[in-house]
Amino acid sequence: MIVRTLKDCENSERRVASENWESTRMLLKDDNMGFSFHITTIYANTETHIHYKNHLESVYCMSGNGEIETLADGKVYPIEAGTLYILDQHDEHLLRGGSEDMKMACVFNPPLSGQEVHDKDGVYPLD
Ligand code: 9YT
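So, here is what we can say about the structure in this document.

1. Some details on the side chain of His-51
You can see His-51 is positioned in the loop between strand 4 (47-50) and strand 5 (56-63). A residue is classified by how much of its surface remains accessible, and His-51, at 16% relative accessible area, is buried. There is a polar contact of 3.0 Å between the side chain of His-51 and the backbone oxygen of His-90.

2. Examining the pairing of strand 5
Where strand 5 and strand 10 (residues 102-109) come together, seven bridges link them in antiparallel fashion. Directly across from Ser-58, in strand 10, lies its bridge partner Val-107. Note that strand 5 and strand 8 (residues 84-87) share four bridges and pair antiparallel. Pairing of Glu-57 across the sheet is with Leu-87, part of strand 8.

3. Some points on the nonpolar core
Soluble globular proteins tend to bury their nonpolar side chains together. Ile-42, Ile-68, Ile-79, Tyr-85, Leu-95, Met-102 and Met-104 are the most contacted members of the largest nonpolar core, which totals 18 residues. Top element by residues in this core is strand 10. It accounts for four residues.

4. Concerning the packing of aromatic side chains
Each aromatic ring pair is specified by the distance between its two centres and by the angle formed by the two planes. Applying the stated rule across the entire model yields one aromatic pair. With 4.9 Å between their ring centres and 80 degrees between their planes, Tyr-52 and Phe-108 make a pair best called edge-to-face. With a gap of 56 residues between them, Tyr-52 in the loop between strand 4 and strand 5 and Phe-108 in strand 10 connect regions that are remote in the sequence. Pair check on accessibility: Tyr-52 and Phe-108 agree, each one buried.

Basis of the calculations
- Residues numbered from 1 in each chain as written.
- Predicted model: local features only at pLDDT ≥ 70, side-chain atom pairs only at ≥ 80, totals over all residues.
- Heavy atoms only, no water.
- Helix = DSSP H or I, 4+ residues; strand = E, 2+ residues; numbered from the N terminus.
- Buried < 20%, exposed > 50% of the residue type's maximum accessible area, 1.4 Å probe, protein only.
- Polar contact = N/O pair within 3.5 Å; in protein donor to acceptor, adjacent residues only side chain to side chain.
- Pairing = 2+ DSSP bridges.
- Core = buried A, V, L, I, M, F, W, Y, C linked by side-chain atoms within 4.5 Å.
- Phe/Tyr/Trp six-rings, centres within 6.5 Å; stacked < 30°, edge-to-face > 60°.

Printed below as a string of structure tokens:
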């Protein structure tokens, strides 16, 4: 079994930061679980273009507020504590932080290796 704490992971190379968000990758490909698990903060009043062409992702909001817009159809979905969004179509989207930072728990299939950064289209390459 493996046991990790968020605090320990935040104080390691598992924590990555960008202008609009920061994320701690608590479980990665090399754990051989078939998925990765991340605790991500989306900063208030930001907009991030994301398109995980090579990954499926589910995101559960633990606190804060914001919204997600799916670009294929222009639909906007509010996000608050208790909301889970599931990108089952590799949906290209805009993720917006609202009046407060959003704390999210995220799962990726296939797992991220930990080295990924968003490219200009918001894509992570397949490892
Ligand atoms: C909300 C969201 O899409 N989180 C993805 C994980 C995070 N961007 C990371 O660890 O790269």
